[in-house]
Amino acid sequence: MTAAFFITLREGLEAALIVGIISAYLIKVGRRDALRLVGLGVAAAVAVSVVVGVTVAVTVGQMPDVVQETFEGLAALAAVAVLTWMLFWMRRQGRAMKGELESSIDLALGRGSTAALVGLAFVAVLREGLETGLFLLAILGSTGEVLAATLSAVGGLLVAVGIGYAIFAMGMRINLRAFFTATGVVLIFVAAGLCGLAVHELTEAGWLPETAVAFDLGHLLPDSSPLGQMLAGLLGYRAAPTVSELAAYVAYLVPVLLLFLAPARLPSRQVAVPK
């Protein structure tokens, strides 16, 4: 369940960075007393995320097969959309995040509104928590290995919290741009695998026509083997994908990966023409 690990690592580190920036800035301006409010906001967001995730997972499990397959297919497509947006948003707005958060904190402290400070931490962490729940729900739809996914997800969160703590409390410096680029590439492959999963589930539900198997590597590298499971988590590997599943995988992977790795465009400068 490598995919679950990378998803919670990425989302968890984003949440840890946000909470770390808020906490570090409050300490910088001498408002340690407000750290408790930030903690309350984070705890409330985590609790809501867990309750929503468990409720949705249990509810889906009680649905008829056709409805469940349709829901899992649509959930996979929604996860792909949100994951893609999140990757490119972080790539474009990552540098401005710190300044925007500090401006929001100044505004909340200036108004004397503790509720606004709690709300800032709550909304920031809740967004990451709900996104993570959506991604994990889509992954569980493809494997059904609840225990393995849970352990991998917890492991990713623990590593994310550890990295976040090291950055802000111990003064450790890492290249966050390189880190987010590397994990972003992995998650693009995960999203491509979710595209194939969405086609598979919607085909099972009868919404898409069945197509022939493109190739079958089950005798060489079955999905159930340790290496097959690892490749499924990292690259969205399927031993015997259908033509439509493979087409969906490639149609997403190639253009999105090229766009993500393309150099960021710099603002064009106007060249003065001598008169």
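As the structure is a computational prediction, the values presented were derived from the model and not from experiment.

What counts, and at which threshold
- Residues numbered from 1 in each chain as written.
- Predicted model: local features only at pLDDT ≥ 70, side-chain atom pairs only at ≥ 80, totals over all residues.
- Heavy atoms only, no water.
- Core = buried A, V, L, I, M, F, W, Y, C linked by side-chain atoms within 4.5 Å.
- Buried < 20%, exposed > 50% of the residue type's maximum accessible area, 1.4 Å probe, protein only.
- Helix = DSSP H or I, 4+ residues; strand = E, 2+ residues; numbered from the N terminus.
- Contact = heavy atoms within 4.5 Å.
- Expected span 1.5 Å × (residues − 1).
- Lys, Arg positive; Asp, Glu negative; His and termini not counted.
- Salt bridge = Lys/Arg side-chain N within 4 Å of Asp/Glu carboxyl O.
- Polar contact = N/O pair within 3.5 Å; in protein donor to acceptor, adjacent residues only side chain to side chain.
- Patch = residues over 30% accessible without salt bridge, like charges linked within 9 Å, V, L, I, M, F, W, Y side chains within 5 Å.
- Areas by Shrake-Rupley, 256 points an atom, 1.4 Å probe, with all protein chains shown as cover.
- pLDDT = per-residue confidence, 0-100.
- Axes fitted to C-alpha atoms, helices over the stretch in contact; angles between N-to-C directions.
- Parallel < 35°, antiparallel > 145°, perpendicular 65-115°, else oblique.
- Left-handed = near helix turned anticlockwise from the far one by under 90°.
- Nonpolar A, V, L, I, M, F, W, Y, C, P; charged D, E, K, R; others polar.

S.K.: Tell me about the nonpolar core, and name the residues and values.
M.R.: Ranked by size, the top nonpolar core spans 32 residues in total, and within it Leu 83, Leu 87, Leu 187, Ile 188, Tyr 252 and Leu 253 carry the most contacts. Broken down by secondary-structure element, the contributors of at least two residues to this core are α1 (2-28), α3 (65-110), α4 (114-143), α6 (176-204) and α8 (243-261). Leaving out residues up to four positions away in the same chain, Leu 87 has contacts with Arg 10, Gly 184, Leu 187, Ile 188 and Phe 260. Counting residues in each nonpolar core, the second largest holds 18 residues, with Tyr 25, Ala 34, Val 125 and Leu 126 among its members.

S.K.: Tell me what's going on with helix α2 (residues 35-61), and back it up with residues and numbers.
M.R.: For α2, spanning 27 residues, the distance from its first C-alpha to its last is 39 Å, which sits close to the expected 39 Å at 1.5 Å a residue. Of the residues making up α2, those classed as buried are Leu 37, Val 38, Gly 41, Ala 45, Ser 49 and Val 60.

S.K.: Would you mind going over the environment of Leu 26 in detail, with residue names and values included?
M.R.: Mapped onto the elements, Leu 26 comes out in helix α1. For the pair Leu 26 and Asp 106, spaced 80 residues apart in sequence, the C-alpha separation works out to 9.4 Å. Setting aside residues up to four positions removed in sequence, Leu 26 forms contacts with Arg 31, Arg 32, Ala 34, Leu 35, Val 38, Ile 105, Leu 109 and Leu 117.

S.K.: So, the side chain of Glu 69: which residues are in play, and what are the values?
M.R.: Of note, Glu 69 is situated in helix α3. Here Glu 69 occupies a buried position and makes no salt bridge, while the nearest side chain of opposite charge, Arg 238, is found at 11 Å. Within the structure, the side chain of Glu 69 is placed 3.5 Å from the backbone nitrogen of Ala 205, a separation counted as a polar contact. For Glu 69, the contacting residues outside a window of four places in its chain are Glu 201, Glu 204 and Ala 205.

S.K.: Could you give an account of a nonpolar patch on the surface, with specific residues and numbers?
M.R.: Taken together, Phe 215, Leu 217, Leu 220, Leu 246, Val 250, Val 254 and Leu 258 make up a surface patch of nonpolar side chains, about 590 Å² in accessible area. Residue Leu 258 is classed as exposed on the basis of its relative accessible area, which comes to 59%.

S.K.: Give a detailed account of the confidence of the model for the chain, specifying residues and quantitative values.
M.R.: Looking at the chain, the pLDDT average stands at 81 and 87% of residues meet or exceed 70. Taken as a whole, residues 269-275 scores under 50 in pLDDT and shows zero contacts with residues more than four places along the chain or in a different chain.

S.K.: Please set out the packing of α1 against helix α5 (residues 146-169) residue by residue, giving values where relevant.
M.R.: For the pair α1 and α5, interaxial distance at closest approach is 7 Å and the crossing angle is 30°. Between α1 and α5, the interaxial angle falls into the category roughly parallel. Crossing hand, α1 versus α5: right-handed. Counting all contacts with α1, which are made through Ala 4, Phe 5, Thr 8, Leu 9, Gly 12, Leu 13, Ala 16, Leu 17, Gly 20, Ile 21 and Ala 24, the residues of α5 involved are Ala 149, Ser 152, Ala 153, Gly 155, Gly 156, Leu 157, Val 159, Ala 160, Ile 163, Gly 164, Ile 167 and Phe 168. Taken together, the residues of the contact of α1 with α5 break down into 16 nonpolar, seven polar and no charged.

S.K.: Explain the packing of α1 against α2 to me, and be specific about the residues and the numbers.
M.R.: When two helices pack together, you describe them by how their axes are tilted relative to each other and by the distance separating the axes. Following both chains from N to C, one finds α1 and α2 inclined at 165°, their axes separated by 10 Å at the closest point. Classified by the angle their axes make, α1 and α2 are roughly antiparallel. Read as a crossing pair, α1 and α2 show a hand that is right-handed. Contacts between α1 and α2 involve Val 19, Ile 22, Ser 23, Leu 26 and Ile 27 from the first element and Leu 35, Val 38 and Val 42 from the second. Partitioned by chemical class, the residues of the contact of α1 with α2 number seven nonpolar, one polar and no charged.

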